Amino acid sequence: MQITPGPPAPVAALVLAAGGGRRLGGRPKALIRYGGRPLVEHAVAVVRAGGCADVTVVVGAEGEKVRATAHLPGCRLVTNPDWAGGMGSSLRAGLAALAPGASAVLVMLVDTPGVTPAAVARLLAAHRAGADLAAAAYHGRRGHPVLIGARHFTEAAAGATGDAGARALLTARADEIALVECADVAVPDDLDTPADLARWSTG
């Protein structure tokens, strides 16, 4: 009897939105307004439009206010009490909270408003084509978002310390990463300072 393989397991999205926005006057990054809505709503909309139906959001700074203010229906919300220690703790919290069964996770930073659904879709396509580790690239340089296959979750969590996020994993396995060029459809810049906010608000 011939067995026809089923469709690949879905890719979950993990939005890291716990930062306190110290250089932005101490406002939690998740609630900074962009395009008329909080950044965290924008980030969730991007990953969903790019093809991720299952979305986990890690909040931290003023987490209760984020939960009460942002409209995030259908998202799994996780509070990282150690958010001030850096992005690594948020990545660990998010990976631990993922629903079982995902073939990979797409990690999206809340403060990269120039990332588009097209960039997300390209990473998902790379995964469907066999990539177990993938990252958006901008003129050949690795950037965000990144995609991590399920078999790397434990290693990613173990190396996620301080503000490094998944950097330890991506550095150790640099020769395994599929770089997916996205400079024609997205912009990788972080929104970290008042000048960044002004530029994004007017651009």
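Residues numbered from 1 in each chain as written. Predicted model: local features only at pLDDT ≥ 70, side-chain atom pairs only at ≥ 80, totals over all residues. Heavy atoms only, no water.

Peer 1: With reference to specific residues and values, describe the sheet that holds strand E8 (residues 141–149).
Peer 2: Strand order in this open sheet of seven strands is E5-E4-E1-E6-E8-E7-E9, and the pairing throughout is mixed. Across the chains shown, the open sheet's two edge strands, defined by having one partner strand only, are strand E5 (76–79) and strand E9 (178–181). Across the sheet, the axes of successive neighbouring strands diverge by a mean angle of 25°, strand direction being ignored. Where strand E7 (residues 133–138) meets E9, four bridges bridge the pair, whose relative direction is parallel. When the sheet's bridge partners are listed, Ala136 is paired in E9 with Val180. Contacts between helix H3 (residues 87–97) and the sheet are confined to strand E1 (11–17), strand E4 (55–59), E5 and strand E6 (104–109), with E1 contributing the most and set at about 145° to the helix. (Pairing = 2+ DSSP bridges. Helix = DSSP H or I, 4+ residues; strand = E, 2+ residues; numbered from the N terminus. Axes fitted to C-alpha atoms, helices over the stretch in contact; angles between N-to-C directions. Contact = heavy atoms within 4.5 Å.)

Peer 1: Report on the side chain of Ser90, specifying residues and quantitative values.
Peer 2: Mapped onto the secondary structure, Ser90 falls in helix H3. You can call Ser90 buried: its relative accessible area is 4%. Contact partners of Ser90, with chain neighbours within four places excluded, come to Leu16, Ala18, Val58 and Asn80. (Buried < 20%, exposed > 50% of the residue type's maximum accessible area, 1.4 Å probe, protein only.)

Peer 1: Before we move on, could you go through the pattern of salt bridges and cite the residues and values that matter?
Peer 2: Within the structure shown, the criterion is met by seven salt bridges. The partner of Arg76 in a salt bridge is Asp54, and the shortest N-O contact between them spans 3.1 Å. Separated by 22 residues along the polypeptide, Arg76 in strand E5 and Asp54 in the loop between helix H1 (39–50) and E4 bring together distant segments of the chain. Taking the shortest distance from any N to any O, the salt bridge between Asp184 and Arg122 comes out at 2.7 Å. Placement of Asp184 in the loop between E9 and helix H7 (194–202) and of Arg122 in helix H4 (residues 117–128) is noted, with a sequence separation of 62 residues between them. Using a relative accessible area of 58% as the deciding quantity, one classes Asp184 as exposed. Residues participating in the shared-partner salt-bridge network are Glu155, Arg173 and Glu176. (Salt bridge = Lys/Arg side-chain N within 4 Å of Asp/Glu carboxyl O.)

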